[in-house]
Amino acid sequence: MSSAAFDFQVTHREGLARRGELRTPHGVIQTPVFMPVGTRGAVKAVTHRQLAELGAEIILGNTYHLFLRPGADLIARAGGLHRFIGWDRPILTDSGGYQVFSLATMRRIREEGAEFRSHLDGSLHVLTPELATDVQAQLGSDIAMVLDECIATPATREAARESMERSIRWAERARARFRRLAADPSLVPVTNPGQAQFGIVQGATFPDLRAESVAATTAIGFEAYAIGGLSVGEPPEVMYEVVAHTAPLLPDDRPRYLMGTGMPDDLFECVARGIDMFDCVLPTRNARNGQFLTSQGPLSIKNARFAEDLAPPDPGCGCYTCRTFSRAYLRHLYMSGEMTAATLNSLHNLHFYLDTMRRIREALVFGTFEKLRLEFHQTFSRRPRI
Ligand SMILES: [Zn+2]
């Protein structure tokens, strides 16, 4: 598939796993890709220069946060989110829906949209599919997401169906608005005319609802598609099953984005099932909570047994933090509440995620992905081992 600014080519395959290149107005992204989360226009504790040095090709911004503060009008006047935050590589923005459901102090879902009170000042807003599209047009991300409904889990079949069907009606409205903005950019200040819009497949853990959602969402027609409503507390095996069922139903010539995933082993398992794009707050959030994600598994630097441990956090890692600092020093920084702890821990965790994806891409080129996947599982454990 291709348009003027947006294009995706699969270059290598191994089983269902794909190696590809995704072209956007702000550059080419090598897939499969992990996208660090820059919630409020910044990946917490890390500068854009550090992100570029880590090899991040795209970051994610949260529409809910940017909409409430500093506001989409201000960002549009500054020339869009890329210019405002000083990041010239690709950006994906979410629709704001997930934060309305998880952060807003009050919310009511109506057919029109999601009414909510700001968690900052209590002000009342209605996030509609059209408004989520407009705000992202003002932000000028390279990839915008449609507003979808996120439901509490585990969901009953009836609740999942109702929500999935509402998400489809919202997706139709979001696509109609997106097309209107393309035809008439004077409606709101469109800061990135090459922006693509992704649809989102819902349906919780019910295979038939997922299939219905894929059929209806692809019938509307988006530049690409995401799988939403996973990584919300279900066991990994359940997530893998839903991905294995859903991903092959999506168009083969478009990138597939699994929203909000996950642990390092999830990356392997979902690439193996045909996913091309990932985002997750886990590497940065866990870093700030003192947890390193290493080739062996999670390592909590708070642990007293690291007080005199002069080894690097992950002896197999080539990142700045691991090349330079000991567990004892990093524990000291964390226990003393030094701000640098968040930076150094985040640099390692982001390096680990981005480097893992790099190794996955390389393996896909050489046809050794299955071998790498087995090797990874042999050393990585979700339960702390160090
Ligand atoms: Zn490291």
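This section reports on the structure supplied with the text. (Residues numbered from 1 in each chain as written. Predicted model: local features only at pLDDT ≥ 70, side-chain atom pairs only at ≥ 80, totals over all residues. Heavy atoms only, no water.)

### Looking at the coordination of the zinc ion
Then, in step 1: The zinc ion binds to the protein through C317 (SG), C319 (SG), C322 (SG) and H348 (ND1); the donor distances cover 2.0 to 2.3 Å.
Then, in step 2: Angles of 102 to 118 degrees at the metal separate the 4 donor atoms of the zinc ion, which places the site in the tetrahedral class.
Then, in step 3: Sequence spacing of the donor residues for the zinc ion, all on one chain, is C-x1-C-x2-C-x25-H. There is no split in this pair, since C317 and C319 are both buried. (Donors = N, O, S within 2.8 Å, 3.2 Å for Na, K, Ca; no water. Tetrahedral: all angles 85-135°; square planar, octahedral: opposite > 155°, others 65-115°. Buried < 20%, exposed > 50% of the residue type's maximum accessible area, 1.4 Å probe, protein only.)

### Section: the packing of helix 9 (residues 236-246) against helix 10 (residues 264-271)
Then, in step 1: In contact at an axis separation of 10 Å, helix 9 and helix 10 are set at 25 degrees when each is read in the N-to-C sense. Overall, the two elements helix 9 and helix 10 adopt an arrangement that is roughly parallel. Helix 10 is crossed by helix 9, and the crossing has right-handed handedness. Where helix 9 approaches helix 10, its residues P236, M239, Y240 and V243 are matched on the opposing element by D265, D266, E269 and C270.
Then, in step 2: Residues of the contact of helix 9 with helix 10, tallied by class, amount to 5 nonpolar, no polar and 3 charged. (Axes fitted to C-alpha atoms, helices over the stretch in contact; angles between N-to-C directions. Helix = DSSP H or I, 4+ residues; strand = E, 2+ residues; numbered from the N terminus. Parallel < 35°, antiparallel > 145°, perpendicular 65-115°, else oblique. Left-handed = near helix turned anticlockwise from the far one by under 90°. Contact = heavy atoms within 4.5 Å. Nonpolar A, V, L, I, M, F, W, Y, C, P; charged D, E, K, R; others polar.)

### Observations regarding the environment of V33
Then, in step 1: Among the structural elements, V33 can be located in strand 4 (residues 33-35).
Then, in step 2: Relative accessible area serves as the criterion here: at 3%, V33 is assigned to the buried category.
Then, in step 3: For the pair formed by V33 and Y353, sequence separation is 320 residues and the distance between their alpha carbons is 9.5 Å.
Then, in step 4: Apart from residues no more than four positions distant in its own chain, V33 is found in contact with I58, D276, M277, F278, M357 and R361.

### What about the pattern of salt bridges?
Then, in step 1: Applying the stated criterion across every chain, the model contains 25 salt bridges.
Then, in step 2: Here R173 makes a salt bridge to E130, at a shortest N to O gap of 2.9 Å. Linking R173 in helix 7 (residues 157-183) with E130 in helix 6 (residues 129-139), this pair joins segments that are 43 residues apart in sequence.
Then, in step 3: Given the relative accessible area of 24%, R173 is considered partly exposed.
Then, in step 4: E130 sits in the partly exposed class, given a relative accessible area of 24%.
Then, in step 5: The residue E149 makes a salt bridge to R166 at a minimum N-O spacing of 2.9 Å. (Salt bridge = Lys/Arg side-chain N within 4 Å of Asp/Glu carboxyl O.)

### Considerations on the sheet that holds strand 12 (residues 224-227)
Then, in step 1: Strands sit in the order 4-14-13-12-11-10-6-5 across an open sheet of 8 strands; the sheet is parallel. Two strands in the sheet have a free side with no partner beyond their single neighbour: strand 4 and strand 5 (59-61). Taking the axes of each pair of neighbouring strands and ignoring which way they run, one obtains an average angle of 25 degrees across the sheet.
Then, in step 2: Note: strand 10 (residues 143-145) against strand 11 (residues 196-201), 3 bridges, orientation parallel. Its bridge partner lying in strand 11, M145 is registered against F198.
Then, in step 3: Here helix 8 (residues 207-220) sits on the sheet in contact with strand 11 and strand 12, set at roughly 155 degrees to strand 11. (Pairing = 2+ DSSP bridges.)

### Topic: the sheet that holds strand 3 (residues 27-31)
Then, in step 1: Judged by pairing direction, the sheet is antiparallel, and its 3 strands sit side by side in the order 1-2-3 without closing on themselves. Looking at the sheet topology across the chains shown, the edges are occupied by strand 1 (7-14) and strand 3. In this sheet, neighbouring strand axes are inclined to one another by 15 degrees on average, regardless of whether the strands run parallel or antiparallel.

### Overview of the packing of helix 6 against helix 7
Then, in step 1: Remark: helix 6 packs on helix 7, axes separated minimally by 8 Å, with the N-to-C direction vectors making an angle of 40 degrees. When the interaxial angle is binned, helix 6 and helix 7 end up oblique. Crossing of helix 6 over helix 7 shows right-handed handedness. Judged by residue contacts, P129, E130, T133, D134 and A137 of helix 6 engage W170, R173, A174, R177, F178 and L181 from helix 7.
Then, in step 2: Among the residues making up the contact of helix 6 with helix 7, the classes are represented as 6 nonpolar, 1 polar and 4 charged.

### Regarding unusual backbone geometry
Then, in step 1: Residue R69 is joined to P70 through a cis peptide bond whose omega torsion reads 10 degrees.
Then, in step 2: Looking at where P70 falls in the secondary structure, it is placed in the loop between helix 2 (63-68) and helix 3 (72-77).
Then, in step 3: Note the cis peptide between T153 and P154, where omega equals -5 degrees.
Then, in step 4: Among the secondary structure elements, P154 is positioned in the loop between strand 10 and helix 7.
Then, in step 5: Within the chain, A45 stands out as a residue other than glycine whose phi angle is a positive 75 degrees.
Then, in step 6: Assignment of secondary structure puts A45 in the loop between strand 4 and helix 1 (48-54).
Then, in step 7: We classify A45 as partly exposed; its relative accessible area is 33%.
Then, in step 8: Despite not being glycine, A204 has its phi angle at roughly 50 degrees, a positive value.
Then, in step 9: Overall, the relative accessible area of 14% leaves A204 in the buried class.

### What to know about helix 9
Then, in step 1: Taken together, the buried positions of helix 9 are occupied by M239, Y240, V242, V243 and T246. Seen along its axis, helix 9 keeps its buried residues to an arc of 165 degrees; they face one direction. Every exposed residue of helix 9 that faces more than 90 degrees away from the buried side is listed here: E237 and E241. (Arc of directions from axis to C-beta.)

### Focus on the packing of aromatic side chains
Pairs of aromatic rings are described using the distance from one ring centre to the other and the angle between the two planes.
Then, in step 1: All told, the structure shown has 10 aromatic pairs when counted by the stated rule.
Then, in step 2: Aromatic pair F268 and F369: ring centres 6.2 Å apart, planes at 15 degrees, arrangement stacked. Within this pair, whereas F268 is found in helix 10, its partner F369 is found in helix 15 (residues 369-379), the two being separated by 101 residues in sequence. As far as the burial class goes, F268 and F369 line up, both buried. (Phe/Tyr/Trp six-rings, centres within 6.5 Å; stacked < 30°, edge-to-face > 60°.)

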